[in-house]
Amino acid sequence: MAQQYLPGQRWISDSEAELGLGTILTQDGRMLTVLYPATGETRQYAVRSAPLTRVRFVPGDEITHFEGWKMTVREVDDVDGLLVYHGLTAHNEARTLPETQLSNFIQFRLASDRLFAGQIDPLNWFALRYHTLEHQSRQLQSPLWGLTGARAQPIAHQLHIAREVADRVAPRVLLADEVGLGKTIEAGLVIHRQLLSGRASRVLILVPETCSTSGWWRCAGASTCRSRSMMPSVSPRATPATPSRTPSSRWWRWTG
């Protein structure tokens with residue numbers, strides 16, 4: 001059954017709740033015009049897909065007149081499609097408040113307010129968020145969290161070492177495998193886990209001068225860390241960390 005929109009009815013935008021209560025102005029064919037007096041803005045929606053929720057208060061709710069006085073709803077009447085509220089003020093005075101005179105600044109900030117007002121999302125949207133959170137929870141509980149997604153294909157012993165080290169609260173290890181067995185990938189995976197878990201926010205990388213000029217370590221680090229912010233970068237103000245008599249053995253330090 002198609003939704004009936006009548007001039008004077010009060011609706012609230014599901015996508016722009018900050019606009020306050022809207023008032024139906026006109027329905028021209030397939031287009032609907034809504035005025036939001038709180039902000040002075042006007043919106044037009046397609047009748048069949050308007051993101052609007054009818055504002056209906058029930059007995060027991062406290063509502064506000066546009067002049068500022070409040071009352072507690074005791075009874076609700078429907079007069080030609082428009083709601084009329086009857087209730088008592090704080091001084092037990094009987095008042096009648098048509099929905100056209102409701103305060104324009106009413107917003108549903110609490111989840112309970114949105115629920116009781118019928119301002120809820122479609123079930124399929126809830127299901128999407130629920131399954132997304134479930135998937136995220138499984139990822140966070142995975143023993144390989146932070147060790148996957150590298151732009152390289154880690155082999156078994158690299159994942160074993162990376163997980164063994166990354167599971168420690170404060171890793172302090174020396175990786176001393178043979179040349180070509182993937183020490184850089186192992187270190188990159190450990191760094192990745194530390195950054196994702198929040199145990200580290202900055203990384204200091206020390207390399208020999210010969211490696212700093214060839215740039216091979218930058219390529220290796222980029223292949224391990226997917227995020228651009230995790231890629232090491234050379235600081236133009238790099239200075240020798242420890243003086244040495246032999247230039248070829250000098251070490252430099254960079255901060256990413």
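Residues numbered from 1 in each chain as written. Predicted model: local features only at pLDDT ≥ 70, side-chain atom pairs only at ≥ 80, totals over all residues. Heavy atoms only, no water.

**Some remarks on the packing of aromatic side chains**
For the structure on display, the rule yields three aromatic pairs. Ring centres of Y5 and W11 lie 4.8 Å apart, and the angle between their planes is 40 degrees; this geometry places the pair in the tilted category. Grouping residues by exposure puts Y5 and W11 together as buried. When the centroid spacing of 6.2 Å and the interplanar angle of 20 degrees are considered together, the rings of F126 and Y130 count as stacked. Of this pair, F126 and Y130 both sit in helix α2 (residues 123–141), four residues apart, which is roughly one turn of that helix. One cation-aromatic arrangement involves R95 over W69; the distance from NZ or CZ to the ring centre is 4.4 Å. (Phe/Tyr/Trp six-rings, centres within 6.5 Å; stacked < 30°, edge-to-face > 60°. Buried < 20%, exposed > 50% of the residue type's maximum accessible area, 1.4 Å probe, protein only. Helix = DSSP H or I, 4+ residues; strand = E, 2+ residues; numbered from the N terminus. Lys NZ or Arg CZ within 6 Å of the ring centre and 35° of its normal.)

**A few points about the packing of helix α3 (residues 156–166) against helix α4 (residues 183–197)**
Running from amino to carboxyl end, α3 crosses α4 at an angle of 40 degrees, the nearest separation of the two axes being 9 Å. Judged on the interaxial angle alone, α4 and α3 are oblique. Both α3 and α4 take part in a crossing whose hand is right-handed. Within the contact between the two elements, α3 uses H157, Q158, L159, I161, A162, V165 and A166 and α4 uses I185, E186, L189, V190, R193 and Q194. Broken down by class, the residue content of the contact of α3 with α4 amounts to eight nonpolar, three polar and two charged. (Axes fitted to C-alpha atoms, helices over the stretch in contact; angles between N-to-C directions. Parallel < 35°, antiparallel > 145°, perpendicular 65-115°, else oblique. Left-handed = near helix turned anticlockwise from the far one by under 90°. Contact = heavy atoms within 4.5 Å. Nonpolar A, V, L, I, M, F, W, Y, C, P; charged D, E, K, R; others polar.)

**Re α3**
Within the span of α3, buried status applies to Q158, A162, V165 and A166. Seen end-on, α3 carries its buried residues on one side only, within an arc spanning 95 degrees. Away from its buried face, by an angle of more than 90 degrees, α3 presents the exposed residues A156 and H160. Where α3 is buried, its residues touch α4. (Arc of directions from axis to C-beta.)

**A short note on the pattern of salt bridges**
In this structure the tally under the stated criterion is six salt bridges. R193 is paired through a salt bridge with D167; the nearest N and O atoms lie 3.1 Å apart. Taken together, the positions of R193 in helix α4 and D167 in the loop between α3 and α4 put the pair 26 residues apart, joining distant regions of the chain. Each member of the salt-bridge network shares a partner with another, and the members are E16, E41 and R43. (Salt bridge = Lys/Arg side-chain N within 4 Å of Asp/Glu carboxyl O.)

**Considerations on the confidence of the model for the protein chain**
For residues with low pLDDT, the predicted coordinates do not support detailed interpretation. On average, residues of the protein chain carry a pLDDT of 78, and 75% of them reach 70 or more. In the model, residues 227–256 has pLDDT below 50 throughout and makes 50 contacts with residues more than four positions away in sequence or in other chains. (pLDDT = per-residue confidence, 0-100.)

**Points about the pairing of strand β9 (residues 94–98)**
Two faces make up the sheet, and in a regular strand the side chains alternate between them. Direction of pairing for strand β8 (residues 82–88) relative to β9: antiparallel, over a ladder of five bridges. For Y85, the partnering residue across the bridge sits in β9 and is L97. Between the end of β8 and the start of β9, which pair antiparallel, lie five residues, with N92 showing a positive phi angle near 60 degrees. (Pairing = 2+ DSSP bridges.)

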